[in-house]
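Architecture at a glance
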Amino acid sequence: MEEMEEELKCPVCGSFYREPIILPCSHNLCQACARNILVQTPESESPQSRRASGSGVSDYDYLDLDKMSLYSEADSGYGSYGGFASAPTTPCQKSPNGVRVFPPAMPPPATHLSPALAPVPRNSCITCPQCHRSLILDDRGLRGFPKNRVLEGVIDRYQQSKAAALKCQLCEKAPKEATVMCEQCDVFYCDPCRLRCHPPRGPLAKHRLVPPAQGRVSRRLSPRKVSTCTDHELENHSMYCVQCKMPVCYQCLEEGKHSSHEVKALGAMWKLHKSQLSQALNGLSDRAKEAKEFLVQLRNMVQQIQENSVEFEACLVAQCDALIDALNRRKAQLLARVNKEHEHKLKVVRDQISHCTVKLRQTTGLMEYCLEVIKENDPSGFLQISDALIRRVHLTEDQWGKGTLTPRMTTDFDLSLDNSPLLQSIHQLDFVQVKASSPVPATPILQLEECCTHNNSATLSWKQPPLSTVPADGYILELDDGNGGQFREVYVGKETMCTVDGLHFNSTYNARVKAFNKTGVSPYSKTLVLQTSEGCNFETQSAPYSQLVDIKKLLAVAWFAFDPGSAHSDIILSNDNLTVTCSSYDDRVVLGKTGFSKGVHYWELTVDRYDNHPDPAFGVARMDVMKDVMLGKDDKAWAMYVDNNRSWFMHNNSHTNRTEGGIAKGATIGVLLDLNRKNLTFFINDEQQGPIAFDNVEGLFFPAVSLNRNVQVTLHTGLPVPDFYSSRASIA
């Protein structure tokens with residue numbers, strides 16, 4: 001039950017609800033907290049003045065979205081109050097739960113009455129701190145809100161389940177933990193005291209002993225308070241109004257506002273709604289069970305990822321170590337070759353040194369001998385040996401001249417290590433897909449003869465290569481945004497032909513396709529360039545073009561519908577996706593199927609149903625706009641939201657240009673997106689609503705609408721630009 005605790009806490013004080021009341025928006029508040037955030041409004045906004053002027057029909061009226069513009073023209077008043085008449089600079093506060101709450105307009109008067117009975121200032125209004133809806137209180141004040149008895153009971157049981165263990169009431173010193181409670185004696189006993197003071201015999205044998213927790217509940221629970229009517233405080237609820245969806249008393253049926261409504265028995269509706277809630281909880285329980293199983297799966301995945309990471313890291317280290325070992329072995333082999341070459345060079349040089357040394361010694365000896373012979377003065381003796389000495393000198397000289405003085409070995413090593421392939425391989429060393437059971441499919445081929453465009457649609461066809469032996473499980477077709485931007489997926493499936501609608505007119509698109517199977521995806525095909533039509537496409541035979549259509553109306557128009565794929569799950573589409581409403585009381589967003597990035601485009605929406613003065617919004621948005629809030633709340637949408645009296649422009653939650661004139665059933669809202677001039681303009685019933693709403697709008701925009709269950713609209717496309725705007729643009 002600990003997970004339920006946040007549901008039981010007040011968004012203002014952050015504590016468990018005390019005397020909770022139910023606001024019309026179905027949220028709860030402590031009665032004291034509700035009093036603390038009351039705000040006084042001007043006399044002209046009171047329910048009495050509204051009824052006197054004939055503009056109000058209900059006891060509790062939601063404030064118009066511009067109530068706070070009475071104090072600040074820059075604030076439309078939608079969502080929450082930014083200031084008050086008595087303290088315009090007082091900032092809003094935050095509750096412990098992080099919800100914005102607002103201080104009272106003035107300190108509450110000193111009173112000895114309880115919060116429920118203390119008088120509420122006249123013309124008070126209250127803003128729900130959770131959904132920021134504002135409403136004006138009538139003469140009953142906070143007593144007009146029903147009390148949430150069910151929530152009180154749940155909180156009581158929750159607090160009792162969390163309370164500390166009960167102690168024995170008869171222990172004299174250091175009371176022990178109680179083990180039973182006697183319902184008749186209304187006393188908690190530990191086991192020794194029960195045996196001593198409450199033996200199971202005689203009259204005490206008939207007493208009922210229960211566990212302490214059950215006894216605490218029976219002791220503390222007072223008789224259940226019966227809910228009374230908020231309009232007739234002395235009457236209990238006896239019936240259920242089907243139209244208003246609330247319990248009522250018999251006086252409400254006889255003389256109150258429920259007299260003409262359909263009613264049913266309170267007990268029967270109680271059982272029916274319990275059954276409906278139980279059925280809804282069954283579905284939610286299944287989702288919760290699936291979520292728990294999914295969390296278990298994710299936690300198991302975390303463990304498995306950690307184990308696989310350790311295993312894979314060890315494998316990677318082993319592989320890298322093996323590469324290092326192989327490199328070290330090769331390094332040793334190459335060093336051995338270098339050492340061998342080194343020894344060879346040294347041997348050759350040393351041998352040559354030894355040979356030259358011997359020869360030089362012989363030559364030096366011959367030279368010294370010849371010099372001594374020349375010193376002799378005996379001519380006959382000299383002539384006897386001179387010829388032989390001359391021949392020996394010439395022979396020795398010739399021996400030195402035949403390359404003897406040239407080194408037989410160079411000092412350079414004639415080895416060069418080519419490591420560039422290995423370095424490149426190391427740089428390219430990367431992970432490849434593992435555990436592949438089969439190769440990826442071959443690259444698909446676009447069949448140019450079957451690819452074409454028509455208006456703002458494109459049809460593409462492709463096939464597998466003729467010699468491909470690997471089957472493909474499917475194909476992924478991608479197109480860019482028509483402006484050379486990033487590619488995005490437009491089709492994923494098994495078909496080999498696809499038609500893409502809703503493209504921009506007069507735009508150039510790039511298309512490509514790839515195949516996939518369980519192993520992976522193939523490379524992309526060659527890129528195909530497609531050109532969409534410049535505007536309306538009229539099929540002509542032999543008639544002149546001017547006879548078929550007015551030349552002045554040759555403007556590019558787009559036909560499109562709402563896109564179910566982009567819509568919030570609460571959106572309900574019908575009429576070939578041209579009519580839209582919602583199943584929720586909250587605003588939900590749906591986009592059109594066609595996006596625009598250039599040209600002038602105009603479309604209209606007619607209001608088929610408009611109940612209880614909601615605030616639908618119309619405009620344009622990016623594809624990633626928030627779908628669960630009013631259009632214009634974030635920076636991805638540019639919109640006009642409108643009620644039955646006036647309208648505002650809104651972008652990034654900034655409200656501007658309040659303009660009188662609202663909508664009703666049968667009204668027509670026009671949206672003009674001029675991307676040539678980069679602006680956005682709105683129309684109501686063929687009249688421009690306010691100035692140009694937004695300037696400097698650039699990029700890709702989709703038509704967009706936000707509404708709740710009280711509104712239904714129908715989209716009309718393929719419309720020409722209004723005449724006065726065309727003439728104004730031509731003059732400009």
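Quantities reported herein were computed from a predicted structural model and do not represent experimental measurements.

Some points on the pairing of strand β28 (residues 637–642)
- Among the six residues of β28, six are classified as buried, and the element is accordingly described as predominantly covered.
- On β28, burial covers both faces: A637, A639 and Y641 on one face and W638, M640 and V642 on the other are all buried.
- Two elements, strand β27 (residues 617–621) and β28, share five bridges in a ladder whose sense is antiparallel. Bridge pairing in β28 places A621 opposite A637.
- Counting the residues between successive antiparallel strands, the hairpin from β28 to strand β29 (residues 646–651) contains three residues.

Points about the sheet that holds strand β30 (residues 654–660)
- In spatial order, the strands read β25-β35-β27-β28-β29-β30; together these six strands make up an open sheet with antiparallel pairing. With partners counted over all chains shown, the strands left at the sheet margins are β25 (588–591) and β30, one partner each. Each neighbouring strand pair of the sheet contributes to a mean axis angle of 20 degrees, computed without reference to strand direction.
- Here β29 runs beside β30; their pairing, made up of five bridges, is antiparallel. Each residue of the ladder has a partner; that of F649, found in β30, is T656.

What to know about the side chain of T594
- Along the chain, T594 turns up in the loop between β25 and β26 (600–610).
- Judged by its relative accessible area of 1%, T594 falls in the buried class.
- Not counting residues up to four positions away in its chain, the partners in contact with T594 are N456, G502, L503, W559, F560, F701, F702 and P703.

Thoughts on the packing of aromatic side chains
- For the structure on display, the rule yields 10 aromatic pairs.
- Members of the aromatic cluster, connected to one another through ring pairs, are W462, Y475 and Y491.
- Directly above the ring of F487 sits R512, whose terminal nitrogen or CZ lies 3.9 Å from the centroid.
- Geometry around Y524 places R512 over its ring, the cationic atom sitting 3.7 Å from the centre.

Parameters and conventions
Residues numbered from 1 in each chain as written. Predicted model: local features only at pLDDT ≥ 70, side-chain atom pairs only at ≥ 80, totals over all residues. Heavy atoms only, no water. Buried < 20%, exposed > 50% of the residue type's maximum accessible area, 1.4 Å probe, protein only. Helix = DSSP H or I, 4+ residues; strand = E, 2+ residues; numbered from the N terminus. Pairing = 2+ DSSP bridges. Axes fitted to C-alpha atoms, helices over the stretch in contact; angles between N-to-C directions. Contact = heavy atoms within 4.5 Å. Phe/Tyr/Trp six-rings, centres within 6.5 Å; stacked < 30°, edge-to-face > 60°. Lys NZ or Arg CZ within 6 Å of the ring centre and 35° of its normal.

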